[in-house]
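Tertiary structure, described
These are the residues of each chain, in order.
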Amino acid sequence: MNYFELFGLTPSFTLDEKQLADVFQRLQKSMHPDKFAHASQQEQLLAVQKSSMINDAYQTLKVPLARAQYMLELRGVEMPDEQSTFKDTMFLMRQMELRELLEDVKHASDPDDALFAASQELDSEYQSLFTEMQVQIASQTDEDNLAASESLRKLKFYQKLQIELDRIEDQLFDM
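Residues numbered from 1 in each chain as written. Predicted model: local features only at pLDDT ≥ 70, side-chain atom pairs only at ≥ 80, totals over all residues. Heavy atoms only, no water.

Brief notes about the packing of helix α5 (residues 89-106) against helix α6 (residues 111-139)
Two elements in contact, α5 and α6, have axes separated by 9 Å at closest approach and are oriented at 155°. Considered as vectors, α5 and α6 are oriented roughly antiparallel to each other. Taken as a pair, α5 and α6 cross one another with a handedness that is left-handed. Of the residues in α6, those touching α5 at R94, L98, L101, L102 and V105 are A114, L115, A118, E121, L122 and E125. Residues that form the contact of α5 with α6 fall into these classes: 8 nonpolar, no polar and 3 charged. (Axes fitted to C-alpha atoms, helices over the stretch in contact; angles between N-to-C directions. Helix = DSSP H or I, 4+ residues; strand = E, 2+ residues; numbered from the N terminus. Parallel < 35°, antiparallel > 145°, perpendicular 65-115°, else oblique. Left-handed = near helix turned anticlockwise from the far one by under 90°. Contact = heavy atoms within 4.5 Å. Nonpolar A, V, L, I, M, F, W, Y, C, P; charged D, E, K, R; others polar.)

Below, the structure is given as structure tokens:
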């Protein structure tokens, strides 16, 4: 049973988060270990395993990039290793430019402005790529599934850059 089936949801990238949370709560209550306190050891073990699966499913489905990766894996798309090089040389160049941008923030004469500008740039590019990935996933063609997996890798890169930018901000202002 896949995670969407477990939650009684149609496999879709766009989910009703409230519905997902409500179903999660209901499923967790039904599998809570206290309900199986007087059951056999095997039933208790099954309840713990089912509860763990419910938690894993919820954590995967509630996080958009994890949900995208899960959907692509369900479709048989092999996710490239994050350390694999991109075939997209334009994006490789963009990666270098963005790393330079973060380095420039560290040495900016006005760190507030530099942080804000860098954050805006990262967020804008992330949102654009995220929208593109949503369209690719909705398409469900083999070609778009592969494109979505590349978009997902790029989005993960942007997330790492945002974390790095947050660290730079902490370093600059915690002195």
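Okay, back to it.
Side note on the UniProt feature "domain: J" (unreviewed entry) in the chain
According to UniProt, the feature "domain: J" (unreviewed entry) maps to residues 2-74 in the numbering used here. Strand forms 0% of residues 2-74 and helix 71%; the C-alpha atoms that close the span are 8 Å apart. (UniProt positions renumbered as here; feature names shortened; annotations may be inferred.)

Points about unusual backbone geometry
Phi at Q140 is positive, roughly 65°, even though this residue is not glycine. Assignment of secondary structure puts Q140 in the loop between α6 and α7 (142-173).

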